[in-house]
Protein chains: 2
Amino acid sequence: MKSAELLAVQAKQFGVPRVAIGKEAAGDAALEGDLEVGVGEEALVALASDPEADLVVNALVGTAGLPVTAAAVRAGKRLAIANKESLVMAGGLVTSLAGRTGSELIPVDSEHSSIFRCLRGTASGEVTGIVLTASGGPLRDLPVDEMGSAAVEAVLSHPTWDMGEKITVDSATLVNKAMEVLEAMWLFDLPLERIDVVVHRESVVHSLVRLRDGSLLAHLGSPDMRVPIQYALFYPDAPGVSFDEFRPQEMGTLNFGPVEPERYPCFGLILASAREGGTSPTTAVAADEVAVGAFLERRIRFGDIATVIAGTLDVEGTGPAKDLAAVFEAERSARATAAEIVNDIAGRAAHGPAGTASTTGHSGV
Amino acid sequence: MKSAELLAVQAKQFGVPRVAIGKEAAGDAALEGDLEVGVGEEALVALASDPEADLVVNALVGTAGLPVTAAAVRAGKRLAIANKESLVMAGGLVTSLAGRTGSELIPVDSEHSSIFRCLRGTASGEVTGIVLTASGGPLRDLPVDEMGSAAVEAVLSHPTWDMGEKITVDSATLVNKAMEVLEAMWLFDLPLERIDVVVHRESVVHSLVRLRDGSLLAHLGSPDMRVPIQYALFYPDAPGVSFDEFRPQEMGTLNFGPVEPERYPCFGLILASAREGGTSPTTAVAADEVAVGAFLERRIRFGDIATVIAGTLDVEGTGPAKDLAAVFEAERSARATAAEIVNDIAGRAAHGPAGTASTTGHSGV
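First things first, this report covers the structure right here in the doc. (Residues numbered from 1 in each chain as written. Chains lettered and ligands numbered in written order. Predicted model: local features only at pLDDT ≥ 70, side-chain atom pairs only at ≥ 80, totals over all residues. Heavy atoms only, no water.)

### Focus on the relation of the copies chain B and chain A
Working step 1: Once turned by 180 degrees and shifted 0.0 Å along the axis, chain B lies on chain A with an RMSD of 0.1 Å. Here the transformation between the copies is reduced to the relation of a two-fold axis. Ranked by how close their C-alpha atoms come to the rotation axis, the residues of chain B are headed by G121(B), at 1.6 Å.
Working step 2: The residues that chain B uses at the interface reappear at the interface of chain A in 98% of cases, marking a shared surface. (Least-squares fit on C-alpha atoms with pLDDT ≥ 70 in both. Contact = heavy atoms within 4.5 Å.)

Here it is as structure tokens:
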């Protein structure tokens, strides 16, 4: 079933009067009838700021989520936010706007939901930092010197979470985790250096909060997205439905270790862009999106993703993220630059001897 | 330095006007001077209900703690409670009294402090149970069929916590953990069947709280008693002093598994006494104390501790724990019975062939 058809079925089942969809599905017959169907960004924005909505869940994928986040926050909504790009690209704008309108941001990402839960019981001044867990992604056991040439098929077999292709590649590079660090920075108002990432293969401990006395709180359970989604929907009340009851007696062995920088160069690049600030994180994630697309089309190697991100950051520099227009302009420009770098790498690989494309820098622009 | 001398030094250092000590140290010269020194139970009770005290910390060892707990609770104090026996023997009396006076019980035991911390952030109705972690004690790796004849020296080398002899033996039998289950039952008002114990060798996860959606909250860190003690002293504010900062990146491997009933027969006996209710837990822990003393004196074997507890429970039966007098009478009677059983076992071991003392029941009374 196409998404638009499924939407129509669900809208009917739950008596939903209004939906909004992307332009590409506009003519879909399944959406005719009683249902009021809005089309495109304007309709999404109207829905997110609908006076009747007391909770907005933004689970849009990619940069399309940002205007919707902005609309919900401007309208002072409680916003359950699953769209990473909103905070990675415009965290400063979104959170300062939320501060003015009283909009409350409730995380939906598994890690951030866990942190949110741990934070609820802490006293003022008790939290000194947070620790995000990372499964290490599908390539965690590959010898480091084979990472650069990992095959698309190997990358797309994620060990614990079943997700889309883009996010699975981002999980193999830890770009997804680096984006979560940025999200956490904005959601929980913490400086970057107070946010750590620990590799935890089993994905049982979803994340941890550091306390002033040196101890930590953690939230754990089966890797099941229904848990954080339900939590956001019910918040601040106790979520009602019990999923898989997780039994610590059967937990067996849990492993924890540091992130290896040489295995995950993209992780360091995204964090460096966060330290740079301004439009840099936007540039970095836009370049990543272009590079991942090219990798999935087998135009560049896995190791080239870092090359594209680094090269795009070099070319683009940084500017102030003073409004959404500036952010979107930085994104557009970064995509164009990244596409050029991709073409350059793909061209060299097609004409030069196989395997000689640089993985440590870009000098073709 | 003797404890009484240390008490005098500390009282002087912190400008404490009044102390109370046990009878045996009454004549100690170190306690002369400005300091007002009370002696015996009456003095302890007076101190615990002192109108000037806004927090009472009861860290007395053994049954001597119970009258002090009762006095503090009767006076409506906030009571930081490290004395297990108060709740194991008279949890129903203590908690119903606290309900009437508004006295607040703050746990000091590491596991219970962790649960208390996890509970703070949960919504009403969200908690479905708790999970106490147990290191498994010093004999956790011994073949099960060698447990019965474990040497005193082997038992006294606890892997993670450095504690007194009695509690270390109780850690080897899991009696200590079973007592913690009873404590938790009263402190957190949960039925016994909602309290699980999981063996966790590394003692890093101090305990967990089960949530309605199937996930769990946990508190973790280095095994350091200063952490829960400080938490109780500062509660409800954030504790001020940072001890060892625990780094999850260096956590390595954590193991979790079920309690093996055949390895820890005493654990089952104490829990069975808890299900029995009334004076039964008092009988069980009094018998344990006698048996552990006899084991430390090398009069009975490690495996006989269970025999003494089971035999004493058989002989004593159960009665209502209607007041402290009934509890203390049950304790006195259980001690006498347990001592008889110990004498019987020790006598048989001295006269019969070595290693034939029963470890599964007692028929000598």
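### Here we look at unusual backbone geometry
Excluding glycine, a negative phi dihedral is what most residues carry, and trans is how most peptide bonds are arranged.
Working step 1: Residue P236(A) follows Y235(A) across a cis peptide bond; omega there is 5 degrees.
Working step 2: Within the element layout of this structure, P236(A) appears in the loop between α9 (226-234) and β10 (252-256). (Helix = DSSP H or I, 4+ residues; strand = E, 2+ residues; numbered from the N terminus.)

### Brief notes about the sheet that holds strand β4 (residues 78-81) of chain B
All names here are of chain B.
Working step 1: In spatial order, the strands read β3-β4-β5; together these 3 strands make up an open sheet with parallel pairing. Two strands bound the open sheet, and with one partner strand each, they are β3 (55-58) and β5 (104-107). On average, adjacent strands in this sheet sit at an angle of 25 degrees to one another, irrespective of strand direction.
Working step 2: Judged from the 4 bridges that link them, β3 and β4 form a sheet pairing that is parallel. Pairing of V56 across the sheet is with L79, part of β4. (Pairing = 2+ DSSP bridges. Axes fitted to C-alpha atoms, helices over the stretch in contact; angles between N-to-C directions.)

### Description of the sheet that holds strand β4 (residues 78-81) of chain A
All names here are of chain A.
Working step 1: If you walk across this open sheet you meet the 3 strands as β3-β4-β5, and the pairing is parallel. Of all strands in the sheet, those with a lone pairing partner are β3 (55-58) and β5 (104-107), marking the two edges. Taking the axes of each pair of neighbouring strands and ignoring which way they run, one obtains an average angle of 25 degrees across the sheet.

### What to know about the packing of helix α3 (residues 65-74) of chain B against helix α13 (residues 324-351) of chain B
Two quantities define a packed helix pair, namely the angle between the axes and the distance from one axis to the other.
Residues and elements named next belong to chain B.
Working step 1: Interhelical geometry of α3 versus α13 gives an angle of 170 degrees and a closest axis separation of 12 Å. On the basis of the axis angle, α3 is roughly antiparallel to α13. Residues L66, P67 and A70 of α3 pack against L324, V327 and F328 of α13.
Working step 2: For the contact of α3 with α13, the class distribution of residues is 6 nonpolar, no polar and no charged. (Parallel < 35°, antiparallel > 145°, perpendicular 65-115°, else oblique. Nonpolar A, V, L, I, M, F, W, Y, C, P; charged D, E, K, R; others polar.)

### Re the side chain of R263(B)
Residue and element names in this part refer to chain B.
Working step 1: With respect to the helices and strands, R263 occurs in the loop between β10 (252-256) and α10 (265-276).
Working step 2: Take R263: its relative accessible area is 8%, and that puts it in the buried class.
Working step 3: Polar contacts involving the side chain of R263 include one to the side chain of E260, which spans 3.0 Å.
Working step 4: Contacts of R263, omitting those with residues within four sequence positions, involve L139, R140, D141, L142, V144 and M147. (Buried < 20%, exposed > 50% of the residue type's maximum accessible area, 1.4 Å probe, protein only. Polar contact = N/O pair within 3.5 Å; in protein donor to acceptor, adjacent residues only side chain to side chain.)

### Some thoughts on the environment of E111(A)
Residues and elements named next belong to chain A.
Working step 1: By the secondary structure assignment, E111 is in helix α5 (residues 110-120).
Working step 2: Distance from E111 to L220, taken between C-alpha atoms, is 9.7 Å for residues 109 residues apart in sequence.
Working step 3: Once residues lying within four places of it in the same chain are set aside, the contact partners of E111 are L132, T133, K177, E180, H206 and S207.
Working step 4: A polar contact is formed between the side chain of E111 and the side chain of K177, at a distance of 2.7 Å.

### Remarks on the interface of chain B and chain A
Working step 1: If you look at the interface, chain B gives 50 residues, while chain A gives 49 residues.
Working step 2: Summed over both partners, the interface of chain B with chain A comes to about 3800 Å²; 53% of that surface belongs to carbon and sulfur atoms.
Working step 3: Contact with chain A buries surface across chain B, with D213(B), Q249(B) and F256(B) losing the most and accounting together for 17% of the total.
Working step 4: Our enumeration of links across chain B and chain A arrives at 4 salt bridges.
Working step 5: For the salt bridge of D213(A) with R117(B), the shortest nitrogen-to-oxygen distance reads 2.9 Å.
Working step 6: Here chain B is connected to chain A by 26 residue pairs in polar contact (both at pLDDT 80 or more).
Working step 7: Counting residues per element, the ones that place at least two in the side of chain B that touches chain A are α5 (110-120), β7 (195-199), β8 (205-211), β9 (216-220), α9 (226-234) and β10 of chain B.
Working step 8: Residues of the side of chain B that touches chain A, tallied by class, amount to 24 nonpolar, 15 polar and 11 charged. (Buried area = accessible area lost by both parts, 1.4 Å probe. Salt bridge = Lys/Arg side-chain N within 4 Å of Asp/Glu carboxyl O.)

Geometric values such as these leave the question of function open.
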